[in-house]
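Notes for the structure review
Chain by chain, the residues:
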Amino acid sequence: MTQQSDGIADELRQVTRDFLGKTSPEAKVRELMETDGGIDREAWSQAAALGIPGLLVPEELGGSGAGMMELGVVFEEAGRALWCAPLLSTCALASCAVLCAADRAVQAELLPAIAAGAVVAALAWNGVRPSLGSLQARRRGEQWVVDGTSGYVVDGGTAEQLLVCAEVNDRLDLFVVGSGTGTPVAGVERNSLVTMDSTRRLAQLNFHATPALRIATDVGESLDRALDRAEALLAAEQLGGATRVLEMAVDYAQVRIQFGRPIGSFQAIKHKLAEMLMAVELARASVEHALVTAETEPALLPLALSHARAVGSGTYVRVAGDNVQVHGGIGFTWDHPAHLYLKRAKSSQLMLGSPKWHRSRLADLLGIPGDTAAAGGRR
């Protein structure tokens with residue numbers, strides 16, 4: 001990155017951190033955890049005024065035409081604050097799907113509303129990456145309809161617009177369900193899922209001859225690219241959470257007094273904090289590499305992304321658990337936020353692609369035999 005782009009990223013980081021400091025304090029996160037939808041619509045509208053939902057959207061379509069590094073900064077800050085917003089579902093998954101798979105006319109139809117924060121969109125598919133399966137699309141008269149089930153759809157219970165990857169004649173096509181105007185979508189059964197992480201909502205969607213509009217055909221490869229870009233942003237969010245729990249642990253180690261001295265002065269705590277720092281900075285390097293690669297060498301993104309996720313997912317879970325340990329008894333209580341980050345870390349680790357899946361993918365991309373890759377994964 002150039003010095004100028006670094007300055008822009010720093011300014012964006014500060015603006016986003018200030019915004020989330022006001023709209024996503026811990027008390028607000030806990031309040032939203034108890035609601036049905038789990039997202040703050042008012043804060044999302046305010047974020048739209050700052051241009052956050054439209055960072056990836058081209059300027060001529062109402063966005064700012066920024067890149068993955070800029071949106072990655074926002075995701076990192078969102079991870080620090082456990083922001084309960086449709087950032088992953090709408091700005092990453094849905095926006096990337098439209099940008100990678102749809103033509104300019106479709107983009108002009110769908111993206112302006114996303115950039116304006118006027119619609120929450122979600123992407124539904126089957127498998128770690130889109131595959132032929134239980135979502136089917138067929139003609140019924142002059143109209144397309146979708147049948148089948150998609151599980152673990154991010155913000156699927158509240159989205160006004162659903163992008164659905166469904167099988168048509170042994171290929172995958174992309175459909176849009178819902179007008180995005182708040183009108184109830186006919187033929188969709190939404191079942192909210194009870195998960196470990198109450199700060200991010202998932203839903204199972206059941207489609208029963210649901211009217212749909214086909215917006216792109218043969219999208220298997222393009223959606224693979226879209227999900228790689230979206231997952232790089234998820235990795236940035238994980239990095240933000242890992243950074244925050246490291247800060248929490250360091251701060252507590254300096255103020256918690258035991259045997260007449262701060263616990264941070266004890267060698268065991270010093271070593272733990274040092275190892276946490278090393279892990280977070282290694283994750284930072286891999287995540288930033290993936291975000292830069294998405295812009296500069298997209299053909300190499302699968303390799304960079306899988307490395308970032310294999311490293312970053314484990315790092316977040318580890319340092320979130322270490323943060324609980326540093327805090328001792330209070331770290332295990334409901335009233336302390338440490339458990340919120342640990343639950344987000346574990347749920348994000350398994351989302352889109354687990355570390356095991358990404359290690360296997362790395363092995364395939366690098367031509368490493370399966371047995372050798374498996375042995376490396378066990379070490």
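Residues numbered from 1 in each chain as written. Predicted model: local features only at pLDDT ≥ 70, side-chain atom pairs only at ≥ 80, totals over all residues. Heavy atoms only, no water.

**Details of the domain arrangement of the protein**
We apply this condition: Domain borders in the structure are assigned automatically or taken from a domain database. Pairs of residues are marked as contacts when any of their non-hydrogen atoms sit within 4.5 Å. The term buried area denotes the loss of accessible surface (1.4 Å probe radius) that occurs when two parts are joined, taken as the sum for both partners.
Here the protein is partitioned into domain 1 (3-115), domain 2 (121-219) and domain 3 (222-376). Here domain 1 and domain 3 have C-alpha centroids that lie 21 Å from each other. Counting residues at the interface gives 23 residues for domain 1 and 35 residues for domain 3. Taking both sides of the interface into account, the surface hidden between domain 1 and domain 3 amounts to around 2400 Å²; carbon and sulfur atoms contribute 70%.

**Regarding the environment of Ala-212**
Test applied: Secondary structure elements follow DSSP: runs of H or I of four or more residues count as helices, runs of E of two or more count as strands, with numbering from the N terminus. Accessible area is worked out with a 1.4 Å probe on protein chains only. A residue is then buried under 20% of its type maximum, exposed over 50%, and partly exposed in between.
Counting through the fold element by element, Ala-212 comes out in strand β7 (residues 202-216). Residue classification places Ala-212 among the buried positions, given a relative accessible area of 12%. Among residues more than four places away in sequence, those in contact with Ala-212 are Trp-144, Val-146, Phe-175, Val-176 and Val-177.

**Overview of the packing of aromatic side chains**
For the record, the criterion: Stacked, tilted and edge-to-face are the three classes applied to pairs of Phe, Tyr and Trp rings, where Trp contributes its six-membered ring and a pair requires centres within 6.5 Å; stacked means planes under 30 degrees apart, edge-to-face means over 60, and tilted covers the rest.
Counting across every chain of the model gives three aromatic pairs. Measuring from ring centre to ring centre gives 5.8 Å for Phe-19 and Trp-83, while their planes differ by 85 degrees; the resulting arrangement is edge-to-face. Here the residue Phe-19 occupies a position in helix α1 (residues 3-23), and Trp-83 occupies one in the loop between α4 (68-81) and α5 (87-101), the gap between them amounting to 64 residues. Judged by its relative accessible area of 10%, Phe-19 falls in the buried class. Judged by its relative accessible area of 6%, Trp-83 falls in the buried class. Here the aromatic rings of Trp-44 and Trp-83 are separated by 5.8 Å at their centres, their planes lie at 45 degrees, and the arrangement is tilted. Taken as a pair, Trp-44 in helix α3 (residues 41-49) and Trp-83 in the loop between α4 and α5 lie far apart in primary sequence, 39 residues in all.

**Quick look at the environment of Leu-87**
Among the secondary structure elements, Leu-87 is positioned in helix α5. What Leu-87 contacts, discounting residues up to four positions off in sequence, is Trp-44, Ile-52, Val-74, Phe-75, Ala-78 and Ala-92.

**Some words on the nonpolar core**
The condition that has to hold: In plain words, nonpolar cores are sets of buried Ala, Val, Leu, Ile, Met, Phe, Trp, Tyr and Cys residues tied together by side-chain atoms within 4.5 Å.
Counting residues in each nonpolar core, the largest one holds 97 residues, and the members touching the most others are Trp-83, Leu-87, Leu-93, Leu-163 and Leu-174. Leu-174 has contacts with Ala-97, Ala-101, Leu-123, Leu-163, Val-164, Cys-165, Leu-213, Arg-214, Ile-215, Ala-216, Val-219 and Leu-223, leaving out every residue within four places of it along the chain. In terms of nonpolar packing, the next biggest core, distinct from the first, is built from 21 residues, Ile-39, Val-164, Val-168 and Ala-203 among them.

**Side note on the pattern of salt bridges**
Under the convention used in this document: Between Lys or Arg on one side and Asp or Glu on the other, a salt bridge is scored when a side-chain nitrogen of the former is within 4 Å of a carboxyl oxygen of the latter.
Applying the stated criterion across every chain, the model contains 27 salt bridges. Residue Glu-237 pairs with Arg-200 through a salt bridge whose shortest N-O separation is 2.6 Å. In this pair, Glu-237 is assigned in helix α7 (residues 220-255) and Arg-200 in the loop between β6 (188-192) and β7, connecting sequence segments 37 residues apart. Given the relative accessible area of 6%, Glu-237 is considered buried. With relative accessibility at 9%, the residue Arg-200 sits in the buried group. Residue Glu-281 is joined to Arg-284 by a salt bridge in which the shortest nitrogen-to-oxygen separation is 3.3 Å. Of this pair, Glu-281 and Arg-284 both sit in helix α8 (residues 267-296), three residues apart, which is roughly one turn of the helix. Among the residues examined, Glu-281 registers a relative accessible area of 38% and is labelled partly exposed. Salt bridges linked by common partners bring Arg-13, Arg-17, Glu-76, Glu-77, Arg-80, Arg-244, Glu-247, Glu-281 and Arg-284 together as one network.

**Here's the deal with a nonpolar patch on the surface**
Definition in use: A patch is a set of surface residues, each over 30% in relative accessible area and not in a salt bridge, joined within 9 Å for like charges and within 5 Å for the nonpolar side chains Val, Leu, Ile, Met, Phe, Trp and Tyr. Reported accessibility uses the Shrake-Rupley method at a 1.4 Å probe radius. Residues are deemed covered only where the shown protein chains occlude them.
Taken together, the side chains of Leu-303, Leu-365, Leu-366 and Ile-368 present a nonpolar region at the surface, about 330 Å² in accessible area. Of note, Leu-365 is situated in helix α11 (residues 355-366). The partly exposed category is assigned to Leu-365, whose relative accessible area is 45%.

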